[in-house]
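So you can see what is in the structure, the chains are spelled out below.
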Amino acid sequence: MIPRWKLKRELTRLLSNSAKFPASFTTWLFGAGYYDFFLSGRVQQEPGEVDASPRRAVYLMFPSKGLLASHERSLRYLLRKNIATTVVSNFPLSPEDKKRVLALCHRYIERPNFGYDFGGYRDGLLSMGDELASLEQLVLLNDSSWFPITDKTDWLDQVEALNVDFAGAASNYGMSRPDPESYRSIKVDYRTDHPNFHYCSYALSFSSRTLSHPGFLRYWKKFPLSNSKKRTVRRGEIGLTRWAISSGLTHGATFDSATIPEKLASLEEARLRHIAEMLIIMDDRKLRQLQARVESQLAAMPKLDLIGFILTAAARKGVSYATAEFNIFECGFPFLKKSPLWMEQDTSQKTLDLLERLNTPASLEALFEARTFLTRL
C-alpha cells in the first residue's frame, strides 16, 4: 500500500504541473504574439544624438535606481568603438536621465518589463528593420554585469580577433558537471556538443554573415517571450546557440574556458589558495557544503587539489560567476556580474572586496554603486 505522505506528495506534484501546463504551453505558442498584440503599444521610441553606423549594439538596462555612472561608462565604451547603440530600458527613466542617455545613443526604447533580456534584445533588434541584414556587426549587452570593469583587455578587439560569426564573452555547459566530492579527480574536457551548451547572453556579438542569414531574423520574430527565467534561458541562450551551431556558423568565446586548467597550473600555490577562497558559489547546496568544509583546509591543500576545487566550481556554476577573481586579475576579463551582491552574505562581501582591490576608476565607481545598493535593501 502506498504511504499516505507519498500519495499526498504525488498528488500535489501532479496538480502543480497541470496548473503550470496551460501557461507554459500558451507562452510557447503565443508569447511573441501576446507581447506584440497587447504590450507593444506601450513601447516608446525616441531618436538619439548618435548617427547611424554599420556597427550597431543593443544595450539593455533595468535602471530601477536611476541611470548609473556604470551605464554611461558602457555606452561611452561602445561610442568610442564607433558603434551606434540602441538603448532599451525595461524601466522608465526620468527626463534628466533620458537626456543623458540620448546624448550617447542612436535610438532609445522604453518598454514593459516582459521577457527578460531576450525580450528587450528583441525589441531593439526588430527596431532596426531592413537595416539589420546589411550591418557589419551587432552587439548585445545588458547591465547584469559591470562592463568594462577593467581596461586590461578590450572585449570588442578580442571579438574581432576571434574572427567568428557568433561570439560570446563566456560560455556555459562546455565542461561536464562533476560531483563536488570528486573534485580531486576532475578531468576537464571542453566541448560544445552538450545539449545545454550556450554562450552567455550578457555579451554577444554577431557578424554580417549571421545578420544576413534568413534564419536569424526569423528566430527573433518567433521567439517565445516568457517571464519565466528558466524558459528564457532554454529558448534564448541555449536556443540561439543551438540555432547558430546547427546553421553552420562559426562561433567562440573571448574567455577560453578550455585553457583554464593550463593557466591555473602556471600559478603559485599561494595565488591558487586565494582564488579558491574567493570562489563565488550560489544556488548549489552540495557545492556550498563542500566549500564550507574545505575552507579551513585550504592552507594545507596540495596544488592539484586546489586546482580541482576551482575547476569543479567553474564547471558547476559557470565561469561568469564562480571564478571572477581568476577571470579579472589573471585574464583581464572586463565583466563582473552584479547578482552575487544580493544572493548570499559571503558572495556579496567577496564582490565588494574584489572591486576594492581592483582599484580602477570603473571598479571604484562600481564599488560606490554596490554599497549604495546594499544600503537600500
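Residues numbered from 1 in each chain as written. Predicted model: local features only at pLDDT ≥ 70, side-chain atom pairs only at ≥ 80, totals over all residues. Heavy atoms only, no water.

### Some remarks on the packing of aromatic side chains
A complete count under the given rule lists 23 aromatic pairs for this structure. Judged by centre distance (5.0 Å) and plane angle (80 degrees), the ring pair of Y77 and F147 falls under edge-to-face. Of this pair, Y77 sits in helix α2 (residues 69-80) while F147 sits in the loop between β6 (145-146) and α5 (155-162), placing them 70 residues apart in sequence. With respect to burial, Y77 and F147 carry one shared label: buried. For the pair F166 and Y199, a centre-to-centre distance of 5.4 Å together with 80 degrees between the ring planes defines the contact as edge-to-face. (Phe/Tyr/Trp six-rings, centres within 6.5 Å; stacked < 30°, edge-to-face > 60°. Helix = DSSP H or I, 4+ residues; strand = E, 2+ residues; numbered from the N terminus. Buried < 20%, exposed > 50% of the residue type's maximum accessible area, 1.4 Å probe, protein only.)

### Observations regarding α5
Residues of α5 that are buried: W155, L156 and V159. Within α5, the buried residues cover an arc of 95 degrees as seen down the axis, which keeps them to one side. For α5, the exposed residues set more than 90 degrees away from the buried face come down to E160 and A161. Buried positions along α5 lie against β2 (55-61), α2, β5 (137-142), β7 (166-168) and β10 (203-207). You can read the cap of α5 off the contacts: a side-chain oxygen lies 3.2 Å from the backbone nitrogen of L156, and it is on D154. After α5 finishes, the residue N163 shows a positive phi value of roughly 55 degrees. (Arc of directions from axis to C-beta. Contact = heavy atoms within 4.5 Å. Polar contact = N/O pair within 3.5 Å; in protein donor to acceptor, adjacent residues only side chain to side chain.)

### Observations concerning helix α4 (residues 116-126)
Most of α4 sits inside the fold, with 9 of its 11 residues counted as buried. What α4 keeps buried is the set D117, F118, G119, G120, Y121, R122, D123, G124 and L125.

### Some points on the side chain of T210
Relative to the assigned elements, T210 resides in helix α6 (residues 208-211). Judged by its relative accessible area of 1%, T210 falls in the buried class. For T210, the contacting residues outside a window of four places in its chain are D165, F166, F216, W243 and L249.

### What to know about the environment of G168
On the secondary structure map, G168 appears in strand β7. Separated by 29 residues in the primary sequence, G168 and V139 have C-alpha atoms spaced 9.6 Å apart. Discounting residues that sit within four places of it in the chain, G168 has contacts with W155, Y199, A203, L204, G252, A253 and T254.

### Describing unusual backbone geometry
Following F147, the chain continues into P148 via a peptide bond in cis, with omega recorded as -10 degrees. With respect to the helices, strands and loops of the structure, P148 is situated in the loop between β6 and α5. Not every positive phi belongs to a glycine, and N359 is a case in point at roughly 55 degrees. In this fold, N359 is placed in the loop between α14 (345-358) and α15 (361-375).

### Looking at the sheet that holds β2
A sheet is described by the order of its strands in space; here 8 strands give the open sequence β1-β4-β3-β2-β5-β10-β7-β11, paired in mixed fashion. Each having just a single partner strand, β1 (44-47) and β11 (251-253) make up the two edges of the open sheet. In this sheet, neighbouring strand axes are inclined to one another by 15 degrees on average, regardless of whether the strands run parallel or antiparallel. In this sheet, strand β3 (residues 84-89) lies alongside β2 in parallel orientation, the contact comprising 6 bridges. Bridged to Y59 within β3 is V87. Across the sheet, α4 lies against β2, β3, β4 (107-110) and β5, angled at about 140 degrees from β2, the strand it touches most. (Pairing = 2+ DSSP bridges. Axes fitted to C-alpha atoms, helices over the stretch in contact; angles between N-to-C directions.)

### A few points about the pattern of salt bridges
Tallying each qualifying case throughout the model produces 21 salt bridges. Between R271 and E325 there is a salt bridge; the shortest N-O distance is 2.9 Å. With R271 in helix α10 (residues 269-277) and E325 in helix α13 (residues 324-331), this residue pair connects regions lying 54 residues apart in the sequence. Of the residues examined, E325 reaches a relative accessible area of 3% and is grouped as buried. (Salt bridge = Lys/Arg side-chain N within 4 Å of Asp/Glu carboxyl O.)

### Structural notes on the packing of helix α7 (residues 214-221) against helix α8 (residues 229-246)
Where α7 contacts α8, the axes come no closer than 11 Å and their chain directions differ by 165 degrees. With respect to their mutual orientation, α7 and α8 come out roughly antiparallel. Classified by chirality, the crossing of α8 by α7 is right-handed. Contacts between α7 and α8 involve G215, F216, Y219 and W220 on the former and, on the latter, R235, G236, G239, L240 and W243. The class makeup of the residues in the contact of α7 with α8 is 5 nonpolar, 3 polar and 1 charged. (Parallel < 35°, antiparallel > 145°, perpendicular 65-115°, else oblique. Left-handed = near helix turned anticlockwise from the far one by under 90°. Nonpolar A, V, L, I, M, F, W, Y, C, P; charged D, E, K, R; others polar.)

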